There are 2 protein chains.
Amino acid sequence: MTYSIAQAAERSGLSIDTLRYYERIGLVDPPARDAGGRRNYSDEDLQWLEFLTKLRTTGMPIRMMREYAQLRHRGVGSAGRRKQILVEHRASVLERIAELQGCLEVLNYKITNYEQIESKMDTLLTHYPEGATA
Amino acid sequence: MTYSIAQAAERSGLSIDTLRYYERIGLVDPPARDAGGRRNYSDEDLQWLEFLTKLRTTGMPIRMMREYAQLRHRGVGSAGRRKQILVEHRASVLERIAELQGCLEVLNYKITNYEQIESKMDTLLTHYPEGATA
DNA sequence: GTAGAAGCTGGAGTGCGCTCCAGGTCAACC
DNA sequence: GGTTGACCTGGAGCGCACTCCAGCTTCTAC
């Protein structure tokens, strides 16, 4: 099964321009071409794109994705380094999640404060409704 | 207690340039100045900076932080809108955490694969050590 | 009273990750 | 065989969030 660039874009969630851009910078291998010179993405290409988008979503910088992409060409001998990249990246994702959860507590605290303000205002309005326009 | 811009930078974790930049774009109120025209940050200024960095860490775009910052000047009447911003932002942070956790599973799966490759290679090397150079 | 550190301003530059564009080719349908 | 639409290329442009710079002032310490 092969896919046009438009189909690959739709399935990967990347734009057509981004697909060509990723190819230019060496993040994806140049896909096959049809007789007219148009890109034909394979299922493997799409799988790689899917994985790339996970790395991107988790904030891996493009230069690191590129290093990983290029290591794949070296076969099994680069598996150690590739694993190392993923392990380090996983650690950074875990850190990031923890950081977000920390901030979440602050948000919750602030929101609770606003809710208290609201309930105080409600009380005021209930008891002194004419004060509402002051 | 007041703080020079260098002290404010150190305590907030932002750079001196970023503090001036935030002031320029209306994210922070212009702090007091000393007789020589230098900025004197107050404790409240620092608290606001601390909160801003939480918003930034959680990926709130500057234009939204600015909206929030400007609403503060309108007093209690803007509390509803401010709460709304925070509630919506909290939702987006929760989504983001979920997204990261989803990607984490893929990372774990890949890393497990690499570990299996490693253990297979170990087995090969143990049984056919001369094959290591092939 | 002078050297050096810290701060000031307005504005230009940077890095990232795309995104858009002009001008052209190619294939399919009427 | 002409039109339409998808795709091609190289290169320019963009939005974000800073970051850096030149040239100047001000405070502190000697």
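Residues numbered from 1 in each chain as written. Chains lettered and ligands numbered in written order. Predicted model: local features only at pLDDT ≥ 70, side-chain atom pairs only at ≥ 80, totals over all residues. Heavy atoms only, no water.

1. Observations regarding the interface of chain A and chain B
Next up, step 1: Counting residues at the interface gives 33 residues for chain A and 33 residues for chain B.
Next up, step 2: Carbon and sulfur atoms make up 78% of the area that chain A and chain B hide from each other, which totals about 3,200 Å².
Next up, step 3: In terms of surface lost to chain B, no three residues of chain A exceed K83(A), L107(A) and Y114(A), which account for 20% of the buried area on that side.
Next up, step 4: In this structure, the connection of chain A to chain B is made through four salt bridges.
Next up, step 5: K83(B) serves as the salt-bridge partner of E115(A), at 3.8 Å between the closest nitrogen and oxygen.
Next up, step 6: Scanning the region where chain A abuts chain B turns up 10 residue pairs in polar contact (both at pLDDT 80 or more).
Next up, step 7: Elements with a contribution of two residues or more to the side of chain A that touches chain B: α3 (43-57) and α5 (79-127) of chain A.
Next up, step 8: Ranked by residues supplied to the side of chain A that touches chain B, first place goes to α5(A) with 26 residues.
Next up, step 9: Partitioned by chemical class, the residues of the side of chain A that touches chain B number 19 nonpolar, five polar and nine charged. (Contact = heavy atoms within 4.5 Å. Buried area = accessible area lost by both parts, 1.4 Å probe. Salt bridge = Lys/Arg side-chain N within 4 Å of Asp/Glu carboxyl O. Polar contact = N/O pair within 3.5 Å; in protein donor to acceptor, adjacent residues only side chain to side chain. Helix = DSSP H or I, 4+ residues; strand = E, 2+ residues; numbered from the N terminus. Nonpolar A, V, L, I, M, F, W, Y, C, P; charged D, E, K, R; others polar.)

2. Quick word on the protein's contact with DNA strand C
Next up, step 1: As a matter of local geometry, DNA strand C sits amid 21 residues, with Y22(A), R38(A), R56(A), R20(B) and R39(B) nearest to it.
Next up, step 2: Among the atoms of DNA strand C lying within 4 Å of the protein, the sugar-phosphate backbone contributes 69%.
Next up, step 3: Between Y22(A) and DNA strand C, the recorded distance is 2.7 Å, taken from a side-chain N or O atom to a phosphate oxygen.
Next up, step 4: A distance of 2.6 Å separates a phosphate oxygen of DNA strand C from a polar atom in the side chain of R39(B).
Next up, step 5: Counting residues per element, the ones that place at least two in the surface near DNA strand C are α2 (16-24) and α4 (62-72) of chain A together with α1 (5-12) and α2 (16-24) of chain B. (Near = heavy atom within 4 Å.)

3. Observations concerning the packing of aromatic side chains
Next up, step 1: One pass over the structure, following the stated rule, counts eight aromatic pairs over all chains.
Next up, step 2: Ring geometry for W48(A) and Y68(A): centres 6.0 Å apart, planes at 10°, overall stacked. Remark: Y68(A) occurs in helix α4 and W48(A) occurs in helix α3; sequence separation between them is 20 residues.
Next up, step 3: Given the relative accessible area of 1%, Y68(A) is considered buried.
Next up, step 4: Their ring planes at 45° and their centres at 5.8 Å tell us that Y21(B) and Y22(B) sit as a pair that is tilted.
Next up, step 5: What makes Y21(B) partly exposed here is its relative accessible area of 35%.
Next up, step 6: Each residue in the set W48(A), F51(A) and Y68(A) is aromatic and connected to the rest through ring pairs, giving one cluster.
Next up, step 7: Over the ring of W48(A) we find R72(A), and its NZ or CZ is 3.8 Å from the ring centre. (Phe/Tyr/Trp six-rings, centres within 6.5 Å; stacked < 30°, edge-to-face > 60°. Buried < 20%, exposed > 50% of the residue type's maximum accessible area, 1.4 Å probe, protein only. Lys NZ or Arg CZ within 6 Å of the ring centre and 35° of its normal.)

4. Quick word on the sheet that holds strand β1 (residues 2-3) of chain A
Residue and element names in this part refer to chain A.
Next up, step 1: With respect to topology, three strands assemble into an open sheet ordered β1-β3-β2, the strand pairing being antiparallel. Of all strands in the sheet, those with a lone pairing partner are β1 and β2 (32-33), marking the two edges.
Next up, step 2: The sheet contact formed by β2 and strand β3 (residues 39-42) spans two bridges and is antiparallel. In the sheet register, A32 faces β3, and the bridge partner there is N40. (Pairing = 2+ DSSP bridges.)

5. Re the state of the cysteines
Next up, step 1: Counted by the stated rule, this structure contains zero disulfides over all chains.
Next up, step 2: Just so you know, C103(A) is unpaired, no disulfide at all, and the nearest cysteine sulfur is the one on C103(B), 19 Å from it.
Next up, step 3: C103(B) sits in the buried class, given a relative accessible area of 6%. (Disulfide = S-S within 2.5 Å.)

6. Quick notes on the UniProt feature "domain: HTH merR-type" (unreviewed entry) in chain A
Next up, step 1: The feature "domain: HTH merR-type" (unreviewed entry), as annotated in UniProt, sits at residues 2-71 of chain A in this numbering.
Next up, step 2: Split by type, residues 2-71 of chain A is 60% helix and 11% strand. Its first and last C-alpha atoms lie 25 Å apart. (UniProt positions renumbered as here; feature names shortened; annotations may be inferred.)

7. Description of the nonpolar core
Side chains of a nonpolar character, in soluble globular proteins, are inclined to be buried together.
Next up, step 1: Membership of the largest hydrophobic core comes to 64 residues, with the highest contact counts inside it found for L19(A), L52(A), L86(A), L19(B), L52(B) and L86(B).
Next up, step 2: Apart from residues lying up to four places away in sequence, L86(A) is in contact with F51(A), L55(A), Y68(A), L107(B), K110(B), I111(B) and Y114(B). (Core = buried A, V, L, I, M, F, W, Y, C linked by side-chain atoms within 4.5 Å.)

8. A short note on the sheet that holds strand β1 (residues 2-3) of chain B
Residue and element names in this part refer to chain B.
Next up, step 1: Pairing is antiparallel in the open sheet, where three strands are placed in the order β1-β3-β2. The open sheet has two edge strands, β1 and β2 (32-33), and neither has a second partner.
Next up, step 2: The sheet strands contacting helix α3 (residues 43-57) are β1 and β3 (39-42), and the helix crosses β3 at an angle near 75°. (Axes fitted to C-alpha atoms, helices over the stretch in contact; angles between N-to-C directions.)

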